Amino acid sequence: MNFRTHTLENGLEIVAECNAGAHSQGVGFFVRTGARDETDELAGVSHFLEHMVFKGTPRRTADDVNREFDELGAHYNAFTSEESTVYYAAVLPEYQEPTIDLLADIMRPSLREDDFNMEKKVIVEEIQMYADQPPFGMDDKIKELHYGNHPLARSVLGTVDTIEALSAEQMRGYFQSRYSPSNLFVGAAGNVDFEALVRQITERCGDWPACNTTRDVPPAASKSSFHCIARESATQQYILQLLDAPSSESEDRYAAKLLATMLGDDSGSRMYWELIDPGLAESASLGHYEYLGVGMYFLWMSCEPADAASNYARVQELEQQAQAEGFTEEELRQAKSKVKARVVLGSERPRNRLFNVGGNWMQRREYRSVADDLNTVDAVTLDDVQRVLSAYPLTGGTTVTIGPLQDWPAS
C-alpha cells in the first residue's frame, strides 16, 4: 500500500491508497456538504442536488451519463448524508481516465429548470415513501427530539414543504457555495496510476474557480424524553433510542464501537442473547455513529406490540447493568475479533477501501491503513470502555416507540 496526496492550485485535493496488487480501483468525488450545512428553508437541497448531478452536463445528457458508466462496466452510485455527498465508481484500472472524465464532468451539472421540476416530483415521492415505511420517519424525528435545533437534527431528505418550495435558482446558489474546489476532494483506492490521476484531475478540474466555504460545528445540547406515537397501520411495535456518544474527532470512538458491539451487535451480543435468541424480538441492535462534534448510539428494536413494554424493560436493565458493572475481558476479546474481521473483510475490495480512505480524510484529514485500524482496536482496554461509559452514560437519552399501541403500558 502506498498513500499519496496532491493539491491543485485551486485547492482541490487528491488522496489515494495505491495498491498495485489490486485488480480494480474505486474513485470518487467527496463533497463536504450535507443536511447539517443547509438552512431550514433549504432543507433537503443536498440530497436533491445529488439527484440533479446525474441529469446531464453541457457535454452530456442524462442518457449519456448512464450509458457511458454502463459501457465502462462501472459499479457507480452516489449518496448524501448529514455531512457529505459522495459520487463514486468502481472500475477496472484500464478505465481510469474515462471514469475520471465522466465523474469530473457531472461535478459541473447543467441544473436545467425542466429537469429540476421533474426530479422534484421524484424527491417528494421518495419522502412520502419513507414516511409510509417503518419506522415511519421516526429515525429523523428522534434526532430532532434529542438535539433540538442543532444542524445534525435536520432530515437528509428534507420535507415535502421545503422541497416543493425550493427553486432551481436556490439550488444553483447552494451548488456554487458548496461544490467549490476547497470543499471537495478526489479519493481513490486500489490499482491506481497516481501520476496519471493527478494529470487527469488537473486537466478537468484545475480551472474550477476557488471559493471559501465554511461549516458551522456548534456544540450539541441533548435532551432526555420518552414518546409513544400511535400508528394504526403498523403491525409491529418499533422502539428507537438515541444516546450521546463519542464524536468523530474523539480517540474514544473505537472503544465506543466495541461497547456497542458487546451490548447490541446483531449476533452474539447481550441484546442478542436476551431478546433475539429466545424469540422475544424480531430485531434488537445498538450501533455507534460519529459526526463532527457529535456522536450517538442508535438503538433499534421491533417486536410484537404485546411484548414491547417488557422488551424495552429488558433493554433498560441491560443498559443499567452495563453502566454499573461494565463488561468482561472475554466479551471485549470477542468484540475485537468481530470488529477486526469486518475491517479486514471489508478492505479486500478497493471500493470499500475508497470509503474508508475518503471517510477518514473527510472527517479528520488523516490516512489510516488497515493495520492502523487493527492495532487501534487491539489496544482498547476495559478501562477505555469504562471511561466512555462514565463520559457517555447509557441511561437516559431519547426514546420513541411507534406502532399499534395507543398508550404505553404503565410500568
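### Section: the overall build of the protein
Okay, so step 1: Summing up its helical and strand segments, the protein has 15 helices and 11 strands in all.
Okay, so step 2: For 411 residues, the compact-globule formula gives about 22 Å, and the C-alpha radius of gyration of the protein, at 23 Å, lands near that figure.
Okay, so step 3: Residue burial in the protein is summarised as follows: out of 411 residues, 52% are buried.
Okay, so step 4: Residue pairs at least 24 apart in sequence account for 81% of intrachain contacts in the protein once pairs closer than 6 positions are excluded.

### Quick word on the pattern of salt bridges
Okay, so step 1: Following the criterion strictly, the structure yields 39 salt bridges and no others.
Okay, so step 2: Salt-bridge contacts for R204 lead to E203; the nearest nitrogen and oxygen are separated by 3.5 Å.
Okay, so step 3: Residue K257 is joined to E290 by a salt bridge in which the shortest nitrogen-to-oxygen separation is 3.3 Å. With a gap of 33 residues between them, K257 in helix α9 (residues 253–264) and E290 in strand β9 (residues 283–291) connect regions that are remote in the sequence.
Okay, so step 4: Classification of K257 by relative accessible area gives partly exposed; the value is 31%.
Okay, so step 5: What you see here is one network of salt bridges that share partners, running through R59, R60, E68, E97, D101, D105, E203 and R204.

### Description of the sheet that holds strand β4 (residues 75–80)
Okay, so step 1: Overall, mixed pairing links the 6 strands, which are arranged β1-β2-β6-β3-β5-β4 in an open sheet. With one partner strand each, in any of the chains shown, β1 (2–7) and β4 form the two edges of the open sheet. Across the sheet, the axes of successive neighbouring strands diverge by a mean angle of 15 degrees, strand direction being ignored.
Okay, so step 2: Contacts between helix α13 (residues 350–364) and the sheet are confined to β1, β2 (13–18), β3 (25–31), β4, β5 (85–91) and β6 (184–190), with β3 contributing the most and set at about 30 degrees to the helix.

### Describing the layout of surface pockets
Okay, so step 1: Its boundaries defined by the atoms lining it, the second largest pocket holds a volume of some 160 Å³.
Okay, so step 2: S24, L72, G73, H75, A90, V91, L92, Y95, E348, R349, P350 and R351 together form the lining of the second largest pocket.
Okay, so step 3: Of all the secondary-structure elements, those providing two or more residues to the lining of the second largest pocket are β5 and α13.
Okay, so step 4: Tallied by class, residues from the lining of the second largest pocket come to 6 nonpolar, 3 polar and 3 charged.

### Focus on the packing of helix α12 (residues 329–347) against helix α14 (residues 370–379)
Okay, so step 1: Running from N to C, α12 and α14 point in directions that differ by 175 degrees, and their axes come no closer than 10 Å. Accordingly, the angle class assigned to the pair α12 and α14 is roughly antiparallel. On the side of α12, the interface is formed by K336, V339, K340, V343, V344 and S347, while α14 contributes V370, D373, L374, V377 and D378.
Okay, so step 2: Its residues assigned to classes, the contact of α12 with α14 shows 6 nonpolar, 1 polar and 4 charged.

Procedures and definitions
- Residues numbered from 1 in each chain as written.
- Predicted model: local features only at pLDDT ≥ 70, side-chain atom pairs only at ≥ 80, totals over all residues.
- Heavy atoms only, no water.
- Helix = DSSP H or I, 4+ residues; strand = E, 2+ residues; numbered from the N terminus.
- Rg over C-alpha atoms; globule rule 2.2 N^0.38 Å.
- Buried < 20%, exposed > 50% of the residue type's maximum accessible area, 1.4 Å probe, protein only.
- Contact = heavy atoms within 4.5 Å.
- Salt bridge = Lys/Arg side-chain N within 4 Å of Asp/Glu carboxyl O.
- Pairing = 2+ DSSP bridges.
- Axes fitted to C-alpha atoms, helices over the stretch in contact; angles between N-to-C directions.
- 1 Å grid on protein atoms, 1.4 Å probe; cavity = no way out; pocket = protein on both sides within 12 Å on 5 of 7 lines; lining within 4 Å.
- Points joined across faces, edges and corners; volume = space filled by probe spheres on them.
- Nonpolar A, V, L, I, M, F, W, Y, C, P; charged D, E, K, R; others polar.
- Parallel < 35°, antiparallel > 145°, perpendicular 65-115°, else oblique.

So yeah, pure geometry; function would need other evidence.
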